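Each chain, written out:
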Amino acid sequence: GIQVEQSPPDLILQEGANSTLRCNFSDSVNNLQWFHQNPWGQLINLFYIPSGTKQNGRLSATTVATERYSLLYISSSQTTDSGVYFCAAPNTGTASKLTFGTGTRLQVTL
Amino acid sequence: DAGVIQSPRHEVTEMGQEVTLRCKPISGHNSLFWYRQTMMRGLELLIYFNNNVPIDDSGMPEDRFSAKMPNASFSTLKIQPSEPRDSAVYFCASSQGGEQFFGPGTRLTVL
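Note that this is a predicted model, so its numbers are computed, not measured. (Residues numbered from 1 in each chain as written. Chains lettered and ligands numbered in written order. Predicted model: local features only at pLDDT ≥ 70, side-chain atom pairs only at ≥ 80, totals over all residues. Heavy atoms only, no water.)

## Section: the sheet that holds strand β8 (residues 74-79) of chain B
Residue and element names in this part refer to chain B. The sheet built from four strands is open, its strands ordered β1-β3-β8-β7 with antiparallel pairing. For this open sheet the edge positions go to β1 (5-7) and β7 (65-71), each flanked by a neighbour on one side alone. Strand-to-strand twist across the sheet, computed as the mean angle between neighbouring axes with direction ignored, equals 15°. Both β7 and β8 contribute to a ladder of five bridges, which runs antiparallel. Each bridged residue has a counterpart across the sheet, and for Lys-68 the counterpart in β8 is Thr-76. (Pairing = 2+ DSSP bridges. Helix = DSSP H or I, 4+ residues; strand = E, 2+ residues; numbered from the N terminus. Axes fitted to C-alpha atoms, helices over the stretch in contact; angles between N-to-C directions.)

## Digging into the environment of Ala61(A)
Residue and element names in this part refer to chain A. Mapped onto the fold, Ala-61 is located in strand β7 (residues 59-64). For Ala-61, a relative accessible area of 0% puts it in the buried group. For the pair Ala-61 and Ile-49, spaced 12 residues apart in sequence, the C-alpha separation works out to 7.5 Å. (Buried < 20%, exposed > 50% of the residue type's maximum accessible area, 1.4 Å probe, protein only.)

## Section: the state of the cysteines
On inspection of all chains with the given rule, the structure shows two disulfides over all chains. Note on cysteine connectivity: Cys23(A) is disulfide-linked to Cys87(A), with sulfurs 2.0 Å apart. Where Cys23(A) bonds to Cys87(A) through sulfur, the torsion about that S-S bond is close to 80°, and the disulfide is right-handed. Taken as a pair, Cys23(A) in strand β3 (residues 19-25) and Cys87(A) in strand β9 (residues 83-90) lie far apart in primary sequence, 64 residues in all. For the pair Cys23(A) and Cys87(A), a shared accessibility class is recorded, and that class is buried. Covalent S-S linkage joins Cys23(B) and Cys92(B), the inter-sulfur distance amounting to 1.9 Å. With the S-S bond torsion at -70°, the cross-link from Cys23(B) to Cys92(B) turns out left-handed. (Disulfide = S-S within 2.5 Å.)

## Some details on the pattern of salt bridges
Once the charged atoms of two side chains with opposite charge are near each other, the side chains can pair. Residues and elements named next belong to chain B. As enumerated under the stated definition, the model contains 10 salt bridges over all chains in all. With a shortest N-O distance of 3.3 Å, Glu-62 and Arg-85 are connected by a salt bridge. In this pair, Glu-62 is assigned in the loop between β6 (53-56) and β7 and Arg-85 in the loop between β8 and β9 (88-95), connecting sequence segments 23 residues apart. Residue Arg-85 is classed as exposed on the basis of its relative accessible area of 55%. One salt-bridge network, in which partners are shared between bridges, spans Glu-62, Arg-64, Glu-83, Arg-85 and Asp-86. (Salt bridge = Lys/Arg side-chain N within 4 Å of Asp/Glu carboxyl O.)

Below you can see the structure in the form of structure tokens.
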């Protein structure tokens, strides 16, 4: 099946700083999702982005499917951005069976 | 829409007991997924359904686990008998052919 790797594994930011999280995947994909798992354990959808760039407020994401990676940008970070960020891609040959990366744990401090 | 609904939110049980987790997908979604999250293994897919039919159960750990989807608005994941190593957060998700949306999860503790 597809392999999904995320970097960095851990990240500490001061409030107001910007950051870039990376997701590499081992095979071509027809969709990719970014999630934020907040400190209460909820998985919140951030982006559904098979290719191209999308923006939502302070967050944006870019997927370059031909080069098998996706980037999540967080600008002007806030303490509420803390948590774990996951990317997930479907296994080869299926549009449904998502494989999750191991996540980037982000802590935003005052 | 209320989103994906799961119950119970927390379950504490003793080894050997039967545990049933419940999920109501988003109305109109035709795919439903059960995931398990642990510190050791991360998020892993257990089973998924399309149009109430199980498509892939290769992630189900063993015969103690079973899942059903009797209709488009309800699914159960049953563990019988439960073991301490089943302790985890179990998520249900649904989709309409693309983006998946997750429920709040059920935190299961087996003593």
